[in-house]
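Chains, contacts and geometry: an overview
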Amino acid sequence: MASSSANLWVLLGLGIAGILIMTKKLKRTVKADLGAFIERLQLLPPPQPAPPKAPHPLTGLSFAVSDVFNIEGFVTGFGNPDWLRTHEAAPQTCPVVAALVDGGATCVGKTVVDDMALGVSGESKHYGSPTNPASPARVPGGASSGAAVAVAAKLVDFSLGIDTDGGVRVPAGYCGILGFRPSHGTVSLSGVIPVSGSLDAVGWFAKDPSVLRRVGHVLLQVPYAAQRNPRNIVIADDCFQLSKVPAEHITQMVVKSVEKLYGRQVLRRENLGDYINLNVPSLSAFNVKQLNGEGRSPIRLLANVMQILKRHEFKQNHDEWINSVKPSLDPVILAQIPEVSDLTDADVEKCNTIRSELRSAINALLKVAVPLGVYEKCPVSLSLLARHGGDRFLLDTLQTVYGSLQEQADTAGKPKSSSKAVTQETSAEMAKEKGNQAFKDKQWQRAIGFYTEAIKLNSSNATYYSNRAAAYLEMGSFIQAEADCTQAIDLDKKVLHFPPMKFEDYIDTFTQNVKAYLRGTAREMWDTIKKQWKAPDQLPCAVTFFNFSSNSTFYLADFRYALVLEPNNRRAAQSLDRLKKLFQ
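No experiment lies behind these values; they were computed from the predicted model shown. (Residues numbered from 1 in each chain as written. Predicted model: local features only at pLDDT ≥ 70, side-chain atom pairs only at ≥ 80, totals over all residues. Heavy atoms only, no water.)

Within the protein, the regular secondary structure consists of 21 helices and 13 strands. Counted over contacts in the protein with a minimum sequence separation of 6, partners at least 24 positions apart contribute 73%. Of the roughly 25,300 Å² of accessible surface on the protein, a fraction of 51% belongs to carbon and sulfur atoms. (Helix = DSSP H or I, 4+ residues; strand = E, 2+ residues; numbered from the N terminus. Contact = heavy atoms within 4.5 Å. Areas by Shrake-Rupley, 256 points an atom, 1.4 Å probe, with all protein chains shown as cover.)

Given below as structure tokens:
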């Protein structure tokens, strides 16, 4: 990966130029599934490979897709009943959905999109507007509204949407979840109904950064490698000024998180508007009728350029069908189409030149929307931007910073003073309970943040370390998990001195007291035991010893838990049988 990937822009706002779209309040009847789904279906993954091959990377996860993705045997509706009526069922499933199913995930349905995926509010006059779980009185954002709501309501683990100029990032921000738009062209759009070919990108939603990252590794087909830290993190101050949320309320969360993780030296503050003016010279001379007399702010001008390109390409793609079928279209959508009728080829060329200059200047067309809690009962989100092609770097960075950002958001949301004094032990228990809830919700990084807070308040409680180890293991961070397991064992000596009991009871008691979950370690532990039998101090913490009545010291790997995770793991079963014979 090029060295320029280790640079990160932090923006507030959504879309290529930080488009700010204010939500409006709604009054509606709430449906059972919050109106997220148009159609329920089930695409099951293939059987798991036989051991010793690793299981599918998305095993156990469910997902939904916006109604722009082709699925064999189903008509893709494009958010419009007339489109549904005038088109045939898809002959095959689009590659992106097929890849996720082959990766072990189960597709459970199609979700609502704005009419012809052209809107940004998430409202649908044809199918009803999905209810925003984070703020039910407000719109969910679009175009991929149903997909965002399905994730926010925990109806699925992740979902797919189409992001043309914010179609994934806008609803992610409105619904308080994670939304990822990859670099344009990195994920196949085959079998996806186009809105604007030069802007469209397949994006995805999740509540947990580890799930977002796992999906990314499948869709982006990037190899696993050592994670890199960003060398520069640039805070775009003027973008934060566009929001009704006080700028310092957000920027301080970012600054504190970055300083904690990477140090103050990587931070830099920049005015994005000035940067664009300096590096996108064609923008200052840009003037077409579609600007409607709006201000000359570089960010707003860029937003207009993207809108013009989007509508122009949409009209090229679908004007013939619209003129022949005369479909019933949402008035808001219908009003956008005539706006590009008098656009000249020269105007289009100017827009494309501006886009090329912008890509060269920022070297990026990629964002992540990151939830940062609420402000005045509305979700607040942050956008992270990396260079074009830096998708994996951005996913890795997000996973690292997410827990710290959530910790700062939780701290900022607490009252400044309290009438009751709370002891450190009580505060630690409260943090642990928050961590347990986050773990239950499969928000591993956030759980780690809460458990870390509990440890800072009370570092002598073994449970906090063992709980954090469990969260680390869910993320595949085995080194950190080993360290926490060792600390938990050192603090909780009672697990090392059991009275005589059956072998199975030793395993159960050990699992309950230490919680040393050994998903990645148990498979190879038997060979490790044989090689290091005479050097117990060199064994990883995934193996601990028990003192029996005979005063003999043995080492035990928790193969039983490995079998709970992978019932067909033949090597773990054989190793467990060997240990049983040894104890007998």
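Scanning the entire structure with this criterion turns up five aromatic pairs. Arranged with centres 5.0 Å apart and planes meeting at 65 degrees, the rings of F78 and W83 form a pair that is edge-to-face. Accessibility classification places F78 together with W83 in one group, the buried group. The interplanar angle of 40 degrees and the centroid separation of 4.9 Å between the aromatic rings of F180 and W204 together place this pair among those described as tilted. One end of the pair, F180, is in strand β6 (residues 178–181); the other, W204, is in strand β7 (residues 201–206), and 24 residues separate them in sequence. Residue W204 is classed as buried on the basis of its relative accessible area of 0%. (Phe/Tyr/Trp six-rings, centres within 6.5 Å; stacked < 30°, edge-to-face > 60°. Buried < 20%, exposed > 50% of the residue type's maximum accessible area, 1.4 Å probe, protein only.)

Relative to the 32 Å expected for 22 residues at 1.5 Å per residue, helix α13 (residues 391–412) spans 30 Å between its end C-alpha atoms, a close match to the ideal helical length. Along α13, the helix axis deviates most sharply at V401, where the bend reaches about 40 degrees. A large share of α13 lies buried, amounting to 18 of its 22 residues. (Expected span 1.5 Å × (residues − 1). Bend = angle between axes of the 7 residues up to and from the residue.)

Next up on the list: the nonpolar core. Grouped together as the largest cluster of nonpolar side chains are 71 residues, with contacts concentrated most on F69, F158 and L160. Among the elements that take part in this core, α13 stands out by supplying seven residues, more than any other. Excluding its chain neighbours within four sequence positions, the residues that come into contact with F69 are T76, C94, V96, V97, K110, L160, G161, G191, V192 and V202. Counting 23 residues, the second largest nonpolar core, distinct from the first, contains A236, L272, V348 and I362. (Core = buried A, V, L, I, M, F, W, Y, C linked by side-chain atoms within 4.5 Å.)

All chains considered together, the criterion is met by zero disulfides. Free of any disulfide, C107 has its nearest cysteine sulfur in C94, 9.1 Å distant. (Disulfide = S-S within 2.5 Å.)

So, about the packing of helix α14 (residues 424–440) against helix α16 (residues 462–474). Two numbers describe how α14 lies on α16: the axes approach to 11 Å, and their chain directions differ by 25 degrees. The pairing of α14 with α16 is recorded here as roughly parallel in orientation. Like other packed secondary-structure pairs, α14 and α16 cross with a definite hand, here left-handed. Here E425, A428, E429, K432, N436 and F439 of α14 come into contact with α16, specifically with T463, Y464, N467, A470, A471 and E474. Residues belonging to the contact of α14 with α16 are distributed by class as follows: five nonpolar, three polar and four charged. (Axes fitted to C-alpha atoms, helices over the stretch in contact; angles between N-to-C directions. Parallel < 35°, antiparallel > 145°, perpendicular 65-115°, else oblique. Left-handed = near helix turned anticlockwise from the far one by under 90°. Nonpolar A, V, L, I, M, F, W, Y, C, P; charged D, E, K, R; others polar.)

Taking 1.5 Å per residue as the helical rise, α14 with its 17 residues ought to reach 24 Å, and the 24 Å between its terminal C-alpha atoms agrees with that figure. A428, A431, K432, G435 and A438 are the residues of α14 that are buried. Along the axis of α14, the buried positions cluster into a sector of 120 degrees, meaning they face one direction only. Packed against the buried residues of α14 are α15 (444–457) and α16. Trailing α14 by a residue or two, K442 shows a phi angle of about 65 degrees, which is positive. (Arc of directions from axis to C-beta.)

The next point concerns the pattern of salt bridges. Enumeration over the complete set of coordinates arrives at 17 salt bridges. For D396, the salt bridge is made with R392, and the minimal N-O distance between the two is 3.3 Å. Of the two residues, D396 and R392 are both situated in helix α13; the distance of four residues between them amounts to about one turn of the helix. Take D396 and R392: they sit in the same class, and that class is buried. Within this structure, D163, R169 and R181 form a network of salt bridges that share partners. (Salt bridge = Lys/Arg side-chain N within 4 Å of Asp/Glu carboxyl O.)

Where helix α10 (residues 298–325) contacts helix α12 (residues 345–362), the two axes come as close as 10 Å, and the packing angle between them is 125 degrees. Taken together, the axes of α10 and α12 lie oblique to each other. Here α10 and α12 pass one another in a crossing that is left-handed. Contacts between α10 and α12 involve L302, V305, M306, I308, L309, H312 and E313 from the former and V348, C351, N352, I354, R355 and L358 from the latter.

Counting buried residues in strand β3 (residues 62–66) gives five out of five residues, a clear majority hidden from the surface. Neither face of β3 is left uncovered, since the one carrying S62, A64 and S66 and the one carrying F63 and V65 both have all their residues buried. Where β3 meets strand β4 (residues 106–111), four bridges bridge the pair, whose relative direction is parallel. In the sheet register, V65 faces β4, and the bridge partner there is K110. Inspection of the sheet shows β3 paired to strand β5 (residues 158–163) by three bridges, in the parallel sense. Paired with V65 across the strands is L160, a residue of β5. (Pairing = 2+ DSSP bridges.)

The residue D238 is located in helix α6 (residues 237–240) in this model. Separated by 34 residues in the primary sequence, D238 and L272 place their C-alpha atoms 6.4 Å from one another. Dropping the residues within four chain positions of it, D238 is found in contact with E270, N271, L272, G273 and I299.

Summing up the model confidence of the protein, the mean pLDDT is 78 and the portion of residues at 70 or higher is 74%. Taken as a whole, residues 12–26 scores under 50 in pLDDT and shows 50 contacts with residues more than four places along the chain or in a different chain. In the model, residues 417–421 has pLDDT below 50 throughout and makes zero contacts with residues more than four positions away in sequence or in other chains. (pLDDT = per-residue confidence, 0-100.)

Excluding glycine, residues mostly have negative phi values, and the peptide bonds linking residues are mostly trans. Here P51 and P52 are connected by a cis peptide whose omega angle stands at 10 degrees. Assignment of secondary structure puts P52 in the loop between β2 (37–43) and β3. Cis rather than trans, the peptide bond between G142 and A143 has omega equal to 15 degrees. With respect to the element layout, A143 can be found in the loop between β4 and α3 (145–152). Non-glycine residue F78 carries a positive phi angle of around 60 degrees. By the element assignment, F78 lies in the loop between β3 and α1 (81–85). Look at F78 and you get buried, because its relative accessible area is 0%.

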